[in-house]
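# Understanding the architecture of this molecule
Spelled out, the chains give:
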Amino acid sequence: MAIASPSNKHLVFILGTAALLISPLQAKAETTPSDDWQYAASLYFFAPAVKGSTAAGSDIDVSFDTLINNLNMTFMGAFEARKGKWSALADVLYLNVGANGGAQVPLTGPLGRPLGIDADASLKLRGWVLGAVGGYNVFDRSQASVDVIAGLRYLEMKGSFGLGLQGRRLGRAIESDASGVVWDGIVGVKGRANLSGNWFVPFYLDVGTGDSDLTWQALAGVGYRFHWGDVSLAYRYLKWDLGSSSPIDDISFSGPQLTATFRF
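If you're wondering where the values come from, they're calculated on a predicted model, not measured in any experiment. (Residues numbered from 1 in each chain as written. Predicted model: local features only at pLDDT ≥ 70, side-chain atom pairs only at ≥ 80, totals over all residues. Heavy atoms only, no water.)

### Description of a nonpolar patch on the surface
A contiguous nonpolar surface patch, about 620 Å² in accessible area, is contributed by Phe45, Ile68, Leu195, Trp199, Val222, Leu233 and Leu258. As for its placement among the helices and strands, Phe45 is situated in strand 1 (residues 38-46). (Patch = residues over 30% accessible without salt bridge, like charges linked within 9 Å, V, L, I, M, F, W, Y side chains within 5 Å. Areas by Shrake-Rupley, 256 points an atom, 1.4 Å probe, with all protein chains shown as cover. Salt bridge = Lys/Arg side-chain N within 4 Å of Asp/Glu carboxyl O. Helix = DSSP H or I, 4+ residues; strand = E, 2+ residues; numbered from the N terminus.)

This is the structure:
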């Protein structure tokens, strides 16, 4: 992926968004968070569909069923540390997908006889999405808690395609590799709204730019608190607009996410 320089309009948009998010919340903030260190470790299962488009005009559309059926390895987790009003959050999403297939190519020679050409194809895709943000609590009451956040998001995609052709008159392999790395600065808000009993609504929203023209992420759902932590089910959406200088115009990950968070 080629690196696209951020334009002034994107920076103005982000800074303006941050100002709008911070100013009305600070007026209502309460200084009640604990001064002791608090930690939260989360394991989650994100079931995304991958969609996008390439600079050549092709569509990218990988359903979750296709992804999970060819999944080699995955890790999804987050860790948060909090002291007083300040917090730090790291999020890791790793996917390793591979598919292999073979078949005989239905080609015939000049006399109408099958050429006996076998084809073996392989496709591998590996992706990292890493997020690291710092947060400051601007609203903390029994009804809700809200942090403003700022940090970085990292996207790395590596793909390889192999095609082997074997026949009486030929034997060759075709291989192709592609990779790209994208760094973006992000700002946003995160928190939860408390419902009756132990129920709550988690939410997260960020927007940013850098190597991409624009990236943003949103999450909202419902959760339930236990004495050891909480469990939530949410819908998550991640998107990058990479610009005309990149071989991929845009790419997004979207789907349900089930999270178990352990607090200590």
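Now, onward.
### Topic: the packing of aromatic side chains
Aromatic rings considered in pairs are described by the distance between their centres and by the relative angle of their planes. Summed over the entire model, instances satisfying the criterion amount to twelve aromatic pairs. Between Trp199 and Tyr224, the ring centres sit 4.9 Å apart and the planes meet at 70°, which makes this aromatic pair edge-to-face. Highlighted residues: Trp199 in strand 9 (residues 199-210) and Tyr224 in strand 10 (residues 214-225), separated in sequence by 25 residues. Centroid distance Trp240 to Phe253: 5.9 Å. Interplanar angle 85°. Geometry classified as edge-to-face. Here the residue Trp240 occupies a position in strand 11 (residues 229-241), and Phe253 occupies one in strand 12 (residues 248-263), the gap between them amounting to 13 residues. The buried category is assigned to Trp240, whose relative accessible area is 0%. The class for Phe253 is buried, based on a relative accessible area of 5%. (Phe/Tyr/Trp six-rings, centres within 6.5 Å; stacked < 30°, edge-to-face > 60°. Buried < 20%, exposed > 50% of the residue type's maximum accessible area, 1.4 Å probe, protein only.)

### Some details on the pairing of strand 9
Both strand 9 and strand 10 contribute to a ladder of eight bridges, which runs antiparallel. Directly across from Leu205, in strand 10, lies its bridge partner Ala218. (Pairing = 2+ DSSP bridges.)

### Some points on the nonpolar core
Phe46, Trp240, Ile251 and Phe253 are the most contacted members of the largest nonpolar core, which totals 18 residues. For this core, the elements supplying multiple residues, two or more each, are strand 1, strand 5 (86-105), strand 7 (144-166), strand 11 and strand 12. Those residues in contact with Trp240 that sit more than four places away from it in its chain are Val129, Arg153, Leu155, Val182, Asp184, Ser212, Leu214, Thr215, Asp249, Asp250, Ile251 and Phe253. (Core = buried A, V, L, I, M, F, W, Y, C linked by side-chain atoms within 4.5 Å. Contact = heavy atoms within 4.5 Å.)

Bear in mind that shape data such as this cannot, by itself, settle questions of function.
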